[in-house]
Amino acid sequence: MTNDKNILIKNIYYMLAYAFQVLKRNNYASIASEKFEHIEDLFAEILSRGISYQLKQGLYREYVPRTESLPTMRGKIDITKTIKHRIQCQQLLSCEFDELSENNIFNQILKTTISILLQEKIVAKERKNKLKKVLPFFVNINTIEPSIVKWNTLYFQRNNQTYKMLMNICYFILEGLLQTTEDGKYHMATFSDEYMHRLYEKFVLEYYKTEHPELKTSTSRIKWNIDYQSDNKVLELLPCMQSDIMLEYNGRTLIIDTKYYSQTMQKQYNKQTLHSNNLYQIFTYVKNYDIQNSSNVAGMLLYAKTNEEITPDLETSICGNRIYVKTLDLYTDFKNIASQLDEIISYIKIH
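Residues numbered from 1 in each chain as written. Predicted model: local features only at pLDDT ≥ 70, side-chain atom pairs only at ≥ 80, totals over all residues. Heavy atoms only, no water.

J.: Which residues make up the packing of helix α5 (residues 105-119) against helix α6 (residues 125-134), and what are the values?
T.: Contact geometry for α5 and α6: axes closest at 10 Å, N-to-C directions at 145 degrees. In the crossing of α5 with α6, the sense of the turn from one axis to the other is left-handed. Where α5 abuts α6, its residues Ile114, Leu117 and Leu118 lie against Lys128, Leu131, Lys132 and Val134. Here the residues of the contact of α5 with α6 sort into 5 nonpolar, no polar and 2 charged. (Axes fitted to C-alpha atoms, helices over the stretch in contact; angles between N-to-C directions. Helix = DSSP H or I, 4+ residues; strand = E, 2+ residues; numbered from the N terminus. Left-handed = near helix turned anticlockwise from the far one by under 90°. Contact = heavy atoms within 4.5 Å. Nonpolar A, V, L, I, M, F, W, Y, C, P; charged D, E, K, R; others polar.)

J.: Go over α6 with me, naming the residues and quoting the values.
T.: Among the residues making up α6, those that are buried are Arg127, Lys128, Leu131 and Val134. Angular distribution of buried residues about the axis of α6 spans 120 degrees; they occupy a single face of the element. Seen from the open side of α6, the exposed residues pointing more than 90 degrees away from its buried face are Lys125 and Lys133. Here the buried face of α6 lies against α3 (39-57) and α5. (Buried < 20%, exposed > 50% of the residue type's maximum accessible area, 1.4 Å probe, protein only. Arc of directions from axis to C-beta.)

J.: Tell me about the sheet that holds strand β10 (residues 252-259), and name the residues and values.
T.: A sheet is described by the order of its strands in space; here 6 strands give the open sequence β6-β9-β10-β13-β15-β14, paired in mixed fashion. Looking at the sheet topology across the chains shown, the edges are occupied by β6 (216-218) and β14 (314-318). Going across the sheet, the axis of each strand differs from the next one's by a mean of 20 degrees, ignoring polarity. Sheet topology places strand β9 (residues 245-249) next to β10; 5 bridges connect them, and they run antiparallel. For Glu248, the partnering residue across the bridge sits in β10 and is Thr253. Most of the contacts of helix α11 (residues 334-344) go to strand β15 (residues 321-328), to which it runs at about 180 degrees, and overall it touches β10, β13 (297-304) and β15. (Pairing = 2+ DSSP bridges.)

Next up, the structure:
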């Protein structure tokens, strides 16, 4: 089993499974027992199974705009183009209408991602064969330029909820792994810190929601501890404080800020120290949330472990509130990862 930036590839599957609960269904369950030499293999396996399942349900169709010259009216008429037909003695109407089609952005993203994975040399042959089996069902669907996909505009509703996980996998591939070569072709790059951090944050949040229902687990916006009536102008200039994870139990609160870096420590004056901005951030979250100065609110920076010799490990009290800096070792058996996460709960249950 190989790794990607100190994470066992099998553990990336577990992280995805918590982030996207659909991966715990029977058609995905056996993935955990398979061996993957490259992360692209893992994504190819998830996609092939997910798309095969989707094909049984039917590919999602939505109304897409079309313009076509027809002998009878359909939709609304494009006057300018219709006049041109008349000038050319053609008895045709240029019509604009919406048509229910499989050739929409969701299926275009799927086909584009399949095509790119099939070009990737390090994807195993057996997994390429699985992708090739589903590709004929996309014959009437276009591929698109990955850079034009506006991910934040994808809208999920009842008819396409099953695409949510698939779109997220495609997002990791097309946005997090992709590079363009000089001749315009695509190939896989390393898994970037930016996209790995998003998965890491989502995984930790969903783990606590799933495995510890006794906790109130959320991602909450923290209000600035100021007079909102007299300082409205000031409030408009202040940045939003959004916690990654907030755990609450019996009147105690632990605010967790997840961090995923290639290097968890910074070097200043030949000395290894914590990232100062991270420490300032978690302290600000804690003090603004604990408006009663009850000392029942604590903060934690949870770093993903790297190969650095020094591993952040700190417990202290600042202005009456407990602040922790811990690391989560992702290059170990998943049972050990779960134990590490379970141990964190003690900081609000006991301390």
